[in-house]
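Coordinates in review
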Amino acid sequence: AKGRFDGSIGIRCSCKAAICGSCGVRVNGQPGLACHTHLDRARAASKDGVIEIEPMGNMPVIKDLIVDMDAVHWKKIQRVTPWLLPEGDPPENEEYKVPAEAMIDVTQSMACIQCGVCVSACLSLEVDPEFIGPAALAKAYRFVGDPRDDETEERLKDLAEDPHGIYDCTH
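Reference entry: report on the structure contained in this document. What you see is a predicted model; the values in this text were computed from it and never measured.

1. Details of the layout of surface pockets
Estimated volume of the largest pocket: approximately 680 Å³. In this structure, the largest pocket is lined by 20 residues; those nearest its centre are Ala-1, Lys-2, Ala-34, Leu-39 and Ile-53. At the level of elements, strand 1 (24-27) and helix 1 (39-45) are the ones that each hand at least two residues to the lining of the largest pocket. A breakdown of the residues in the lining of the largest pocket according to their chemical character gives 14 nonpolar, 3 polar and 3 charged.

2. Structural notes on the nonpolar core
Counting residues in hydrophobic clusters, the biggest one holds 21 residues, and the most contacted among them are Met-59 and Ile-132. Breaking this core down by element, the ones donating at least two residues are helix 2 (69-79), helix 4 (117-121) and helix 6 (134-144). With 4 residues, helix 6 is the largest single contributor of residues to this core. Apart from residues lying up to four places away in sequence, Ile-132 is in contact with Lys-76, Arg-79, Val-80, Leu-137, Leu-159, His-164 and Gly-165.

3. Structural notes on the pattern of salt bridges
By the definition in use, this model includes 6 salt bridges. In this structure, Arg-79 engages Asp-162 in a salt bridge whose closest nitrogen and oxygen atoms are separated by 2.7 Å. Taken together, the residues Arg-79 in helix 2 and Asp-162 in the segment after helix 7 (152-161) connect sequence positions 83 residues apart. Since its relative accessible area comes to 29%, Arg-79 is described here as partly exposed. Through salt bridges with shared partners, a single network forms among Arg-79, Asp-158 and Asp-162.

4. Description of the environment of Trp-74
In this fold, Trp-74 is placed in helix 2. Sequence separation of Trp-74 and Ala-135 is 61 residues, and the distance between their C-alpha atoms is 9.0 Å. The contact partners of Trp-74, leaving out residues within four places of it in the chain, are Met-69 and Gln-114.

Criteria and cut-off values
Residues numbered from 1 in each chain as written. Predicted model: local features only at pLDDT ≥ 70, side-chain atom pairs only at ≥ 80, totals over all residues. Heavy atoms only, no water. 1 Å grid on protein atoms, 1.4 Å probe; cavity = no way out; pocket = protein on both sides within 12 Å on 5 of 7 lines; lining within 4 Å. Points joined across faces, edges and corners; volume = space filled by probe spheres on them. Helix = DSSP H or I, 4+ residues; strand = E, 2+ residues; numbered from the N terminus. Nonpolar A, V, L, I, M, F, W, Y, C, P; charged D, E, K, R; others polar. Core = buried A, V, L, I, M, F, W, Y, C linked by side-chain atoms within 4.5 Å. Buried < 20%, exposed > 50% of the residue type's maximum accessible area, 1.4 Å probe, protein only. Contact = heavy atoms within 4.5 Å. Salt bridge = Lys/Arg side-chain N within 4 Å of Asp/Glu carboxyl O.

Structure below.
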């Protein structure tokens, strides 16, 4: 639509390969990545063959399909300390090594591209905008499940004691 009909439509896009996450939108009411949406399937899934594109939910709209991801998404991810906090000094002249089987539980959360689509779909955020949200919880889980991290109990305690933390999650 931007290329053919109205060049002024505001939408974020970058990679066009579903790896950057910048093109999050709602297609026929369902959040997803615009570049990963098959138009024939979207048209078939709609009631009348019309594809409806909207900005992601639970985030303030800046323009057209562009939302302010800072307000809901990035600040909450920063809130969960999104980096490894290992005990002691790192190994000298080498990296931390972990057997692959020890990372199985966190590989899915490690693959998250932080597109915010889960935030858009989160019903708990609709009820409580202060809820930490699914993206931040996934990021926290990535480090809670990492055997190299030494702050597991502190991370879990923080999320459990926060009135808008993990217990607001319905999934």
